Structures are given as structure tokens and as C-alpha cells.
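Next come the chains, spelled out residue by residue.
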Amino acid sequence: MDLSIYRKDFPVLNDNSELAYLDNAAMALKPYPVIDAVDNYYKKYGVNVHRGVYKLSYEATDLYEQAREEIAKFINASFEEIVFTRGASQSLNLVASSYGLNFLNEGDEVITTELEHHSSHMPWFNVCNIKKAKLKYIPLNEEGRITVEAFKSVLTKNTKVVAITYVSNVMGYITPIKEIIKLAHEVGAIVTLDGAQAVPHMSVDVKELDCDFLSFSGHKLCGPTGIGVLYGKKALLDKMPPIEFGGDMADTVRKDMQTYKATPYKFETGTPIIAGAIGLAAACKYLKQIGLDNISKYEYELKTKAINELKKIKGIKIYNETAETGIISFNLEDVHPHDAASVFDNNNVCIRAGHHCAQLITTWLNTIGTVRASFYFYNTEEDIKKFIKGVKDAIEFFGKF
Ligand code: C6P
């Protein structure tokens, strides 16, 4: 199935027919249905939710809460298990600050990996320092993958939290997460899953996975910027204290006491990200109609074709040839990734270069950074051609081979 037929839904691509946008792991482009949903909220409502005692505000509140329902359905969660945040980073931090700081004790163990994005790993580094808990790393195999066997080698009865990525933003590997979650639960540990690179690209069902928390960002799944989601099992969210306080999350406030609203509202202080949530719900509907399985299959096909072309070029080091997703990390030998990226830019090819906010894995790879091309369903074979031309031009520019 050629999903590039959906390209026409993206104004940025319509306005820049020369553009090969291959930075989808950083942010996905926005289709008309998302832009229209946001536009509609601002044009027809533009008022606050949960507060106004007038029809327009009730209607805007309905729209906002229907968005929560739509997003819950997208990952097979319940309405009250969806906490709106600013993005995956804030969701991941919320779990560490609320669950970690309140339920970890000295000597407890937290398991993480060198594949983590900084926003998955750093909050637990911080919590473990404060709580005198031990942060352990699953040893990666020779390809840089997490394996179930390696997970077992660090799992103990003291493990209380597993903070782990579903799909690495540098390597594009899919973690064998179901088995890991099952094993973690057997010792009574909870699993906080970083789904930032998974949820936009594959079908994710929180009930089937049985993960305790799942974090993701709206902007990587064709939604607006500034909106993200923390899914949490209700029983866990119920026992976790809020970490931010103020308007809308409060129930009763007196000089000598304060109480909070129920989950998820106790975690959402202040005027919410109304247009963001509405736009994200539109994005979820849009992706569902294309089909998440179709998306993962198509991206993988594009990536495989691109890798096959890349392998024909001398002087390229590919770090993740076997990745199951649409991410390629590579370097031109002896060329700084940022220098390479500027040549791609001259060819209208948008890619990312650097450590991708995941320095543990670039250190593991023994490099300062990589050049990363990442595909989405609106990419085409033509984009691959432009990408390969970019690689060849870079090689020529830097006088290699
Ligand atoms: N990765 C990338 O180019 P935010 O920035 O909060 O929306 O998402 C954070 C985040 C968390 N986990 C993973 C696996 C991610 O890839 C990201 C964002 C971008 O790879 C920007 S650094």
C-alpha cells in the first residue's frame, strides 16, 4: 500500500514540493484535519473550559473532554487514565517526581538503559540520588539492543521501577517490552514506558502491554506542539500526589487544609492546553483511519529501501541496520554529523544530526553523534532518492573517496 497518497493532506509538503522531510522522529508535519480542528476551536469557541457558567464554555469543555476520550481509545485506555501534559518529557518527569519521590526508598533499585532519551533517564538519575536508590542499566547486546535475557540479569527482588524506552530515537529498535513488563511485575516493580517514538508509528494497546505508565508527545503523531499524554493505571494515579498546584486541580482549599480533584484532574493545574488536546484527538482519528499497522509496515519498507541504497556507498557507517522502524542512524566517516547535515539542507533534505538528546547511546556507540533520517507515512521513494543524492553530495563536498 502506497501511503504517500496522504501527502496531499500536508500543507507544508504542498507548498514545498522539493522538500524531503526526513526529521519525523523530531516532529511530524501537521495535516489539514488537525489544523482545521485547532482552527475550529479558536474560531468558534476560544473560551476557557471547566470554569465558565455559560453555553460556549460548556460546549468547549465537551469538545476538550471528548478529545480525552478519543485519545484514550487510541491506546485502549480509560478516560480517567489520560493526563494531559506539555509532552513526553513532562509526562516522564511527572512519574519520576510523583511516584519516584514518594514511593521509592533507600536501597530500592531502578532499572533503565543506555538507549533512553534524556527525559526518560535523567529524572530517575535525579530521584535515585535524592532517595539513595540504585540506578542500574540493562547491558545492551553487541547491536545496542535490549534483550529479555539481559534484563533478567539486572532484575532483582529490590527492583521497584523499570524506566525504559519502547522505541529508541537513535537506534529505532523495538524493545521486547511485553516480556519485560511481565517479568518486572513478577517482582512487584512498575514499568514506566517512554512511548514517544512508538505511539505515532505502531499500534499500542496499554491493556495488552499491561504497562503501568506510558508517555508520549502529540507533535510526533501529527498533533500540535505543546500537548502530550501521560497514561497511568488508575490505581497508581489515584495513590500518587500531584506535583504542581493551583487552579482547576484543587477541590477544597482552607488555611489549614487542601484537597484535590480526582485523577486525572489533580495532575492538570491551570488553564489546560485546550486547542492542543483537540488537535491531538483529530490527529489520533486521522492516523487510525490510515491504520497504524499500515504505517509501521510502510515506514519499514521505505527505511529498508533507503538502507539498501546507503549500503552501496563507500565510507558510510550505519549504526542500526536491523532496526524494525523507520529510523536510520549513520555517519560519513571522518565527517562531523552537523557538517554533513548542512549539505543535506542544501539539497532540501531535512534530517537531524547530533546526539539526539540521548548521549548515553551515542557514548555507547563511541561517537559524538549521528546523522539521523526518520521516515513517516507521507514520505516517498522520491524522498529516498533525494536523501541518497544528499549523501553522495556530502561525500563529494568533503572530498571523501
Ligand atoms: N525526541 C528527537 O529528535 P518531547 O521533546 O518532550 O516532545 O519528547 C521527548 C522525547 C522522549 N523520548 C523519546 C524517545 C524521544 O525521542 C523524545 C524526543 C526528539 O529524537 C527530540 S530530542
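Cut-offs applied
- Residues numbered from 1 in each chain as written.
- Predicted model: local features only at pLDDT ≥ 70, side-chain atom pairs only at ≥ 80, totals over all residues.
- Heavy atoms only, no water.
- Patch = residues over 30% accessible without salt bridge, like charges linked within 9 Å, V, L, I, M, F, W, Y side chains within 5 Å.
- Areas by Shrake-Rupley, 256 points an atom, 1.4 Å probe, with all protein chains shown as cover.
- Salt bridge = Lys/Arg side-chain N within 4 Å of Asp/Glu carboxyl O.
- Helix = DSSP H or I, 4+ residues; strand = E, 2+ residues; numbered from the N terminus.
- Axes fitted to C-alpha atoms, helices over the stretch in contact; angles between N-to-C directions.
- Parallel < 35°, antiparallel > 145°, perpendicular 65-115°, else oblique.
- Left-handed = near helix turned anticlockwise from the far one by under 90°.
- Contact = heavy atoms within 4.5 Å.
- Nonpolar A, V, L, I, M, F, W, Y, C, P; charged D, E, K, R; others polar.
- Phe/Tyr/Trp six-rings, centres within 6.5 Å; stacked < 30°, edge-to-face > 60°.
- Lys NZ or Arg CZ within 6 Å of the ring centre and 35° of its normal.
- Near = heavy atom within 4 Å.
- Polar contact = N/O pair within 3.5 Å; in protein donor to acceptor, adjacent residues only side chain to side chain.
- Domains from an automatic or database assignment.
- 1 Å grid on protein atoms, 1.4 Å probe; cavity = no way out; pocket = protein on both sides within 12 Å on 5 of 7 lines; lining within 4 Å.
- Points joined across faces, edges and corners; volume = space filled by probe spheres on them.
- Core = buried A, V, L, I, M, F, W, Y, C linked by side-chain atoms within 4.5 Å.
- Buried < 20%, exposed > 50% of the residue type's maximum accessible area, 1.4 Å probe, protein only.

Participant: Run through a nonpolar patch on the surface, naming residues and quoting values.
Facilitator: A grouping of Val53, Tyr54, Leu56 and Tyr58 is seen on the molecular surface, where their side chains present a nonpolar patch of about 420 Å² in accessible area. Within the element layout of this structure, valine 53 appears in the loop between α2 (32-44) and α3 (55-74).

Participant: Explain the packing of helix α4 (residues 88-103) against helix α5 (residues 118-131) to me, using residue names and the numbers behind them.
Facilitator: Interhelical geometry of α4 versus α5 gives an angle of 20 degrees and a closest axis separation of 9 Å. Judged on the interaxial angle alone, α5 and α4 are roughly parallel. Note that α4 runs across α5; the crossing there is right-handed. Counted together, Ser89, Leu92, Asn93, Val95, Ala96, Gly100 and Leu101 of α4 and Ser119, Ser120, Pro123, Trp124, Val127, Ile130 and Lys131 of α5 form the full contact between these two elements. A per-class count over the contact of α4 with α5 returns eight nonpolar, five polar and one charged.

Participant: Residues and numbers for the packing of aromatic side chains, please.
Facilitator: One pass over the full model with this rule turns up 18 aromatic pairs. Aromatic side chains tyrosine 64 and phenylalanine 84 sit 5.5 Å apart centroid to centroid with 45 degrees between the ring planes, which places their arrangement in the tilted category. With tyrosine 64 in helix α3 and phenylalanine 84 in strand β2 (residues 82-85), this residue pair connects regions lying 20 residues apart in the sequence. Grouped by ring-pair contacts, the aromatic residues Tyr6, Phe10, Tyr286, Tyr376, Phe377 and Tyr378 constitute a single cluster. Between arginine 145 and the ring centre of tyrosine 173, over which it is positioned, the NZ or CZ distance is 3.9 Å. If you follow lysine 239 out to its NZ or CZ, it ends over the ring of phenylalanine 103, 4.6 Å from the centre.

Participant: Residues and numbers for the site of the ligand, please.
Facilitator: The environment of the ligand is formed by 16 residues, the closest being Ser89, Asp194, Gln197, Ser217 and Arg352. Here an oxygen atom of the ligand sits 2.7 Å away from a polar atom, N or O, in the side chain of arginine 372. Protein coverage of the free-state accessible area of the ligand, which is 510 Å², stands at 87%. Grouping the amino acids of the shell around the ligand by side-chain chemistry returns five nonpolar, seven polar and four charged. Three or more residues apiece are contributed to the shell around the ligand by two domains, here domain 1 (3-30 + 291-397) and domain 2 (33-289).

Participant: Which residues make up empty space enclosed by the protein, and what values do they have?
Facilitator: The tally for this structure, following the rule as stated, stands at two cavities of 30 Å³ or more. Each pocket or cavity is described by its volume, and for the largest cavity that value is around 70 Å³. In this structure, the largest cavity is lined by Asn24, Ala25, Val167, Gln197, His201, Glu299, Thr325, Gly326, Ile327, Ser374 and Phe375. Grouping the constituent residues of the lining of the largest cavity by class yields four nonpolar, six polar and one charged.

Participant: Describe the nonpolar core, with residues and values.
Facilitator: Grouped together as the largest cluster of nonpolar side chains are 116 residues, with contacts concentrated most on Phe330, Phe377 and Phe387. Per element, the largest residue contribution to this core is twelve residues, and it comes from helix α10 (residues 274-290). Each of domain 1 (3-30 + 291-397) and domain 2 (33-289) accounts for three or more of the residues forming this core. Contacts of phenylalanine 377, omitting those with residues within four sequence positions, involve Leu3, Ser4, Tyr6, Phe10, Cys222, Tyr286, Leu287, Ile290, Ile295, Tyr298 and Glu299. Counting 21 residues, the second-largest nonpolar core is a separate cluster that includes Ala96, Trp124, Leu237 and Met240.

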